Each structure stands twice: as structure tokens, then as C-alpha cells.
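Listed below, chain by chain, are the residues.
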Amino acid sequence: MVHVGIGYDVHPLVEGRRLVLGGVEIPHTKGLDGHSDADALIHAITDALLGAVGEVDIGHLFPNTDPTWKNAPSRIFLEEAARRVRARGGRIVNIDASLAAERPKIYPHLSAMKDHLSAALGIPREKVGIKATTNERLGFIGREEGIAAMAVAAVDLPE
Ligand code: MG
């Protein structure tokens with residue numbers, strides 16, 4: 001039986017931080033702020049997977065009060081979500097995600113992100129969808145104050 005999950009995340013853009021999205025470092029004047037590497041795309045996908053198997057969200061699994069996760073690569077969180085899917089006898093059917101960022105251009109980095117995510121999840125690259133859009137200069141994303149990501153995951157679980 002296929003179960004779906006949804007995930008959403010936002011992190012503020014600040015100076016003096018690296019910009020990491022989908023596990024890929026993107027050259028830019030600002031980076032995402034947060035306790036871990038603040039990879040909003042991976043956080044959204046992690047929550048989508050956790051939601052599909054009915055687990056608690058990423059913030060409860062990896063609290064930002066825990067020094068273990070300070071500047072941690074978010075791949076750790078994604079791999080743990082995939083491990084929990086497998087522990088339930090589940091199989092990730094596909095994931096799909098959208099990034100909303102005014103700048104920088106995300107498109108040139110999508111292919112590298114897909115490589116990274118498919119490796120972390122242990123699924124073929126064709127099962128990983130990522131799109132990027134601007135926010136048409138509207139709101140906090142349009143003012144380049146932050147970047148948002150949303151994701152869905154489909155997981156085949158035994159009855
Ligand atoms: Mg986050």
C-alpha cells in the first residue's frame with residue numbers, strides 16, 4: 001500500500017554562512033542559517049519521508065538544542081529517515097520537491113542535487129524530482145531573506 005508524506009521547511013539567508021541545498025554547496029553571497037547546515041531541501045524531504053511512515057518530524061528526531069547536530073550535514077537526517085522506512089519493511093517509491101529561491105539560480109545545480117539525494121536514499125536518480133522557482137520578488141523569499149522547500153514522498157509499506 002502506497003503511503004504519501006509531505007514536508008515543508010524554511011531557513012533565513014544570512015551573510016557568513018555556506019549555502020547548501022540538496023547536499024550541494026552553491027556559491028553565493030549568503031547562506032542558510034540554522035543549527036545544522038540548514039539544508040532546507042533535505043529537511044523538507046526528510047519530513048516527507050517521516051510523515052509517510054507516521055513518525056515524528058525532523059525537529060523532534062534531531063532537536064536544534066542538541067550540540068550533536070551543530071553544523072551537521074543534513075544527509076545524516078535523510079539517511080536516518082530512509083533507514084526508518086526500511087525498518088518498517090517499506091520501499092521509497094519516489095520523492096518530489098520544489099525549492100523557492102529568488103537567487104541564486106538553482107537550475108545549474110539540480111543534477112548534482114539529484115545525484116546526492118539518490119545516493120543518500122539508495123534509490124535510482126529517476127525517482128528523485130526537484131524543481132526550482134523564484135517567488136516573483138514577492139514576500140520574504142522575493143526579498144532574498146530566506147529560501148523555502150516543499151516535498152512529497154511516496155512509500156510502499158506492507159499491509
Ligand atoms: Mg530546517
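Parameters and conventions
- Along each chain, numbering runs from 1 in the same order as the chain's sequence is written.
- pLDDT decides what is reported in this predicted model: residues at 70 or higher carry local features, side-chain atom pairs at 80 or more are listed and counted, and totals for whole chains, interfaces and linings draw on all residues regardless.
- Calculated side-chain values reflect all of the structure's heavy atoms, with hydrogen atoms and water omitted.
- Coordinating N, O and S atoms are those within 2.8 Å of the metal (3.2 Å for Na, K and Ca), and as water is not part of the atoms, a site may appear to have fewer donors than expected.
- Under the DSSP-based scheme used, a helix requires at least four consecutive residues in state H or I and a strand at least two consecutive residues in state E, with every element numbered from the N terminus.
- Classification of residues uses two cut-offs on accessible area relative to the type maximum, computed with a 1.4 Å probe and protein chains only: under 20% is buried, over 50% is exposed, and between them is partly exposed.
- Axes, fitted as lines to C-alpha atoms, cover a helix only where it is in contact. Angles between the N-to-C directions of the axes lie from 0 to 180 degrees.
- In this scheme, a crossing is called left-handed if the near helix is turned counterclockwise away from the far one by less than a right angle; it is called right-handed if the turn is clockwise.
- Any two residues whose heavy atoms approach within 4.5 Å are treated as being in contact.
- Under the scheme applied here, ten amino acids are nonpolar (Ala, Val, Leu, Ile, Met, Phe, Trp, Tyr, Cys and Pro), four are charged (Asp, Glu, Lys and Arg), and all others, including Gly, are polar.
- In the cavity and pocket records, a cavity denotes points on a 1 Å grid over the protein atoms alone where a 1.4 Å probe fits but cannot get out, a pocket denotes an open set with protein on both sides within 12 Å along at least 5 of 7 lines, and lining residues are residues with an atom within 4 Å of a point.
- Grid points are joined across faces, edges and corners, and a volume is the space filled by probe spheres set on the points.
- Strands pair, by our definition, only if DSSP identifies at least two bridges between them.

(A) Looking closely at the coordination of the magnesium ion. Only D9 (OD), H11 (NE2) and H43 (ND1) from the protein reach the magnesium ion as donors, at distances of 2.2 Å. For the magnesium ion, the donor residues sit on a single chain with the sequence spacing D-x1-H-x31-H. In this pair, D9 is assigned in strand β1 (residues 2-14) and H43 in helix α1 (residues 40-52), connecting sequence segments 34 residues apart. Among the residues examined, H43 registers a relative accessible area of 7% and is labelled buried.

(B) Examining the packing of α1 against helix α4 (residues 110-121) more closely. Close contact between α1 and α4 brings their axes to 12 Å; oriented N to C, the two are set at 35 degrees. As for the relative orientation of α1 and α4, their crossing is right-handed in sense. Between α1, through L41, I42, I45 and L49, and α4, the contact on the second element is made entirely by M113, H116, L117 and L121. Classifying every residue of the contact of α1 with α4 gives 7 nonpolar, 1 polar and no charged.

(C) Structural context of the layout of surface pockets. In this model, the largest pocket occupies a volume close to 220 Å³. Looking at the lining of the largest pocket, the elements that each hand over two or more residues are β1, α1 and α2 (58-61). Of the residues forming the lining of the largest pocket, the biggest block, 3 residues, is contributed by β1. Counted by class, the lining of the largest pocket contains 7 nonpolar, 7 polar and 2 charged residues.

(D) Region of the structure containing the pairing of strand β7 (residues 146-156). Among the 11 residues that make up β7, 8 are buried, leaving the element largely enclosed by the rest of the structure. Sheet analysis places β1 next to β7, joined by 11 bridges and oriented antiparallel. Paired with H3 across the bridge in β7 is V155. Where strand β5 (residues 91-100) meets β7, 9 bridges bridge the pair, whose relative direction is antiparallel. Bridge assignment links D96 to a residue of β7, and that residue is V152.

(E) Geometry of the sheet that holds β7. Taken in spatial order, the 5 strands make up an open sheet running β4-β1-β7-β5-β6, and their pairing is mixed. The open sheet has two free edges, formed respectively by β4 (31-32) and β6 (128-133), since each of these has just one partner strand. The strands that α4 touches are β5 and β6; relative to β6, the one it contacts most, it runs at about 145 degrees.

(F) Seen up close, unusual backbone geometry. Following R103, the chain continues to P104 via a peptide bond in cis, the omega torsion being -5 degrees. As for its position among the elements, P104 is in the loop between β5 and α4. Positive phi, normally seen in glycine, also occurs at A38, with a value near 65 degrees. Note that A38 resides in the loop between β4 and α1. The exposure class of A38 is buried, given its relative accessible area of 0%. Positioned with a positive phi, E136 is a non-glycine residue whose angle comes to about 55 degrees.

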